Amino acid sequence: MKKIILAAVISAVPTALEAQEGSKADQDNAADIVVTATAIAKLDVQLAETPQNITVIMQDAFERQNATSVEEILRYVPSVQAELAGRSGFDEFLVRGFNQSRYQFRDGLRLDPSYLQQQEPGGLASIEVVKGPASVLFGQIAPGGVVNMTSRVASPERVADFTATIGTDDFYRLTADIGGALNESGTLSARAPIVYASRGDTQDFVGAERIFVAPSVTWQPSDATKLTLLALYQRDDYDRTIGVPLLGTLQPSAAGPIRRSLFLGEPDLDRLTSEQVQIGYQFSHRFSDAIQFRSRLRYSDLSIEGPIVQAPRGGSTPTSITRRGFDYIGDRKMLSTDNQLEAVFGTGNIEHRVMIGIDYQDFTDRNSGELFGLAPINPNAPVYGIAPVPLGPFFSADVALKQVGLYAQYRAKVAERFIVVAGVRQSDSDTSSTDVLAGTTRTQDDSDTSFNAAVMYVSDAGFSPYLSYSQSFEPQFGFDPLTNGQTPPPSQGEQIEAGLRWQSSDKRLSAQAAIFQIDQTNIVNGDPANPGFSVLVGAQRHKGAEIELSGRIGEALIVQAGYTYLDAKVRASNNGDVGLTSLNVPKNSASMFLTLLGDAVGLPRSEGSIGVRHVGERRANDALDILPAFTVFDAAVRHDFGPFEAALNVKNLFDETYFTGGDFRAVFFGERRQVQLTLRAGF
């Protein structure tokens, strides 16, 4: 049956839509983009000449998939596992087997470390994923990599794009993207992406509503100077998905299997409300052909308020799930800035690039929770409506984090053939946390020096092999002290990677492959010989291989495909898990999103897409429960009728039941089939 439906979708591409003359601009220009590494690698060089595994997903790619969250966009990125906690109101993901959710960046600046937020794709121009340790350029970070989101910003190019989407599970979405020059010379321009969205969910009583606007103004008095002012407002009102019990999902239950629509919360509780405001600037000035200065700054204010239900709790049975919750209030503020000076000069047949930079982060978080009890619930015959019982204060904390880093990166290109890269960073961070209820304060100062280095050979045939080494560090705050009384130092990450990049002569198709090994050491564990103290014995090793192909094949196809083999193991631990695979990490994963352009087959202005995502089995918890492998198909057709465009997207085409992630008490179902129809108008 699946093969019949799949064949019907593919065959519908050239036959279902009426042929018309003309072609879409985005089809003509798809993959005709020379991507630079300025934002993610902080050097103004082509990505094809960057000796590092980096995936860049452009706006037209995630619009084809009708992705409405960052997690959805990351579904098709090799070595990334997203949606670990379902549709929970924040973006959670692994990169090369490490949880990088606390280390998200936007426009090269770190976002809220708590990651209790989502970034709206309607305001993004691209997403860049760096694989492996990256502390030299980004400071404290887990060793898996970096996910950096780039904003849509004002430019003289005229933009007037409007969409309306309706779909299953009460899905509604309206967007507008308006911008262009404000004066005849084009030196002043403005832009404003706007989104309103409302949705239900696979899980009963779950849903969300969003309002988003991100205006920007750019002033460019000359080719040498450019200043962009950015602002963002986003409000989310949502009910989070809640994990369902292991019994009846991964483990057999006498009460029968758990349905994926089961909701373990209380429908009558208020929704969580999240409001985020961001303001900032991006500035660049070229003093000469040799020297350029770049500066970025962002101030953000994030507030979250509402109930969070915790279920299943300890003591649950197949017919009685214990629950509790707390009313959460959080107020987070963050100032981030990054300033770089880059010099380019030549000596003989060597081009030198020297970049020095300094970045600074100042983050504060005031949060509290009031505990409440909830009656147990039968997962097979849930009864809702019993009022929660207030239980008093649960927690109250004031947290502050400051980090300053001084870094330098050097790049030499020798005889247009050999590229040598080396970098170093010195970082210092101060963290404090006050337990308001207990009246106690913890402080911790961390300092670390990180290095990276790489070599690459660039051939006329477009092949560029490389070898790289990189480091990362991650402060470990809140743990018991070491036996000598000192606070635990940062965990350390280091990676060795050998890779190969290839780019076609017309720069429309590219491929990259890499083998890598990441070691994380200095991980804090409890000291079994001295309760109340810690030891630095934890270690993990993640080694694997990736291959990726993206761009246009001839005039007919656009492809985004990748495969990852990842052997992620715990090497040392006091937790009894030595030799086990790291949690939620599959050994094998693969994806492909293929688009057939109608112009090439006699159907102008039409296109059809088919996508497939495969994730292998994963260890859900220390009890060795296994999340089964899954394969999910997506499909889309799109046609330009002239004044407007219509697109039909089907996600999870065959309505597979699968799990995106799990922990020691619960698992999270993936979404059931979603059918979404979009009308787009551009002027």
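Look up a bit, the structure's there.
First things first, this report covers the structure right here in the doc. Predicted, not measured: the structure shown is a model, and the values here were computed from it.

**Describing the nonpolar core**
Residues I242, V244, L250, L264, L627, F659 and V667 are the most contacted members of the largest nonpolar core, which totals 21 residues. Counting only elements with at least two residues in this core, the list comes to β19 (350-377) and β35 (666-669). The element that contributes the greatest number of residues to this core is β19, accounting for three residues. Leaving out residues up to four positions away in the same chain, L627 has contacts with L250, N584, E617, R618, A620, F659, G661, G662 and V667. By size, the runner-up hydrophobic cluster in this structure holds 18 residues, among which are V70, L74, V77 and L111.

**Some points on the sheet that holds strand β8 (residues 145-151)**
Taking strand neighbours across the sheet as the criterion, the five strands line up as β1-β7-β8-β5-β6 in an open arrangement whose pairing is mixed. Edge positions in the sheet fall to β1 (54-58) and β6 (109-110), since each of these pairs with one other strand and no more. As paired elements, strand β5 (residues 104-106) and β6 share two bridges and run antiparallel to each other. Bridge pairing in β6 places F105 opposite R110.

**Regarding a nonpolar patch on the surface**
Where nonpolar side chains cluster on the molecular surface, the patch consists of F287, I291, L341, F345, V354 and I356 and spans about 510 Å² of accessible area. Counting only elements with at least two residues in the nonpolar patch, the list comes to β18 (321-347) and β19. Position of I291 relative to the elements: it lies in strand β17 (residues 291-310).

**Things to note about the sheet that holds strand β3 (residues 93-95)**
Strand order across the open sheet formed by three strands is β2-β3-β4, with antiparallel pairing between neighbours. Two strands in the sheet have a free side with no partner beyond their single neighbour: β2 (80-82) and β4 (98-99). Relative to β3, β2 is paired through three bridges, and the arrangement is antiparallel. Among the inter-strand pairings, Q81 is bridged to a residue of β3, identified as L94.

**What about the pattern of salt bridges?**
Taken as a whole, this structure holds 51 salt bridges when the rule is applied. The salt bridge involving R680 is made with E63; its shortest N-O contact spans 4.0 Å. Taken together, the residues R680 in strand β36 (residues 674-682) and E63 in helix α4 (residues 59-64) connect sequence positions 617 residues apart. Classification of R680 by relative accessible area gives buried; the value is 17%. Between E275 and R235 there is a salt bridge, and its shortest N-O distance comes to 3.8 Å. One end of the pair, E275, is in strand β16 (residues 272-286); the other, R235, is in strand β14 (residues 225-239), with 40 residues separating them in the sequence. Note on E275: relative accessible area 28%, which makes it partly exposed. Bridged by salt links that share partners, the residues D60, E63, R64, R152, D161, D177, R191, E607, R638, E645 and R680 form one connected network.

**So, the side chain of R191**
Inspection of the secondary structure puts R191 in strand β11 (residues 188-199). Looking at R191, its side chain comes within polar contact range of the side chain of D177, at 2.7 Å. Excluding residues that lie within four positions of it along the chain, R191 makes contacts with R152, V153, A154, V159, D177, I178, G179, A214, P215 and S216.

**Let's talk about the pairing of strand β22 (residues 440-457)**
With 18 bridges connecting them, strand β21 (residues 418-435) and β22 associate as antiparallel partners. Paired with D435 across the two strands is T440, which belongs to β22. From the end of β21 to the start of β22, which pair antiparallel, there are four residues, and G439 there has a positive phi angle of about 75°. Sheet analysis places β22 next to strand β23 (residues 463-474), joined by five bridges and oriented antiparallel.

**A closer look at the packing of aromatic side chains**
Tallied over the full model, the rule gives 18 aromatic pairs. Ring plane angle 55° and centroid distance 5.8 Å describe the contact between F205 and F263, whose orientation is recorded as tilted. Here F205, found in the loop between β11 and β12 (207-213), pairs with F263, found in the loop between β15 (244-245) and β16; they are 58 residues apart in sequence, far enough to count as distant. Classification of F263 by relative accessible area gives buried; the value is 5%. Between F263 and Y384, the ring centres sit 6.4 Å apart and the planes meet at 40°, which makes this aromatic pair tilted. You can see F263 sitting in the loop between β15 and β16 and its partner Y384 sitting in the loop between β19 and β20 (389-414), a full 121 residues away along the chain.

**Here we look at the pairing of strand β13 (residues 216-222)**
Judged from the four bridges that link them, β11 and β13 form a sheet pairing that is antiparallel. Bridge pairing links S189 to T218 in β13. Here β13 runs beside β14; their pairing, made up of five bridges, is antiparallel. Bridging from a neighbouring strand, S216 pairs with L230 of β14. Joining the antiparallel neighbours β13 and β14 is a turn of two residues.

**Examining unusual backbone geometry**
With omega at -5°, the peptide bond leading from A311 into P312 counts as cis. Examined against the element boundaries, P312 turns out to sit in the loop between β17 and β18. Phi at D107 takes a positive value of approximately 55°, unusual for a residue other than glycine. Looking at the element boundaries, D107 is found in the loop between β5 and β6. For D170, which is not glycine, the phi dihedral falls at a positive 55°. Look at D170 and you get exposed, because its relative accessible area is 54%.

Rules behind the numbers
- Residues numbered from 1 in each chain as written.
- Predicted model: local features only at pLDDT ≥ 70, side-chain atom pairs only at ≥ 80, totals over all residues.
- Heavy atoms only, no water.
- Core = buried A, V, L, I, M, F, W, Y, C linked by side-chain atoms within 4.5 Å.
- Buried < 20%, exposed > 50% of the residue type's maximum accessible area, 1.4 Å probe, protein only.
- Helix = DSSP H or I, 4+ residues; strand = E, 2+ residues; numbered from the N terminus.
- Contact = heavy atoms within 4.5 Å.
- Pairing = 2+ DSSP bridges.
- Patch = residues over 30% accessible without salt bridge, like charges linked within 9 Å, V, L, I, M, F, W, Y side chains within 5 Å.
- Areas by Shrake-Rupley, 256 points an atom, 1.4 Å probe, with all protein chains shown as cover.
- Salt bridge = Lys/Arg side-chain N within 4 Å of Asp/Glu carboxyl O.
- Polar contact = N/O pair within 3.5 Å; in protein donor to acceptor, adjacent residues only side chain to side chain.
- Phe/Tyr/Trp six-rings, centres within 6.5 Å; stacked < 30°, edge-to-face > 60°.

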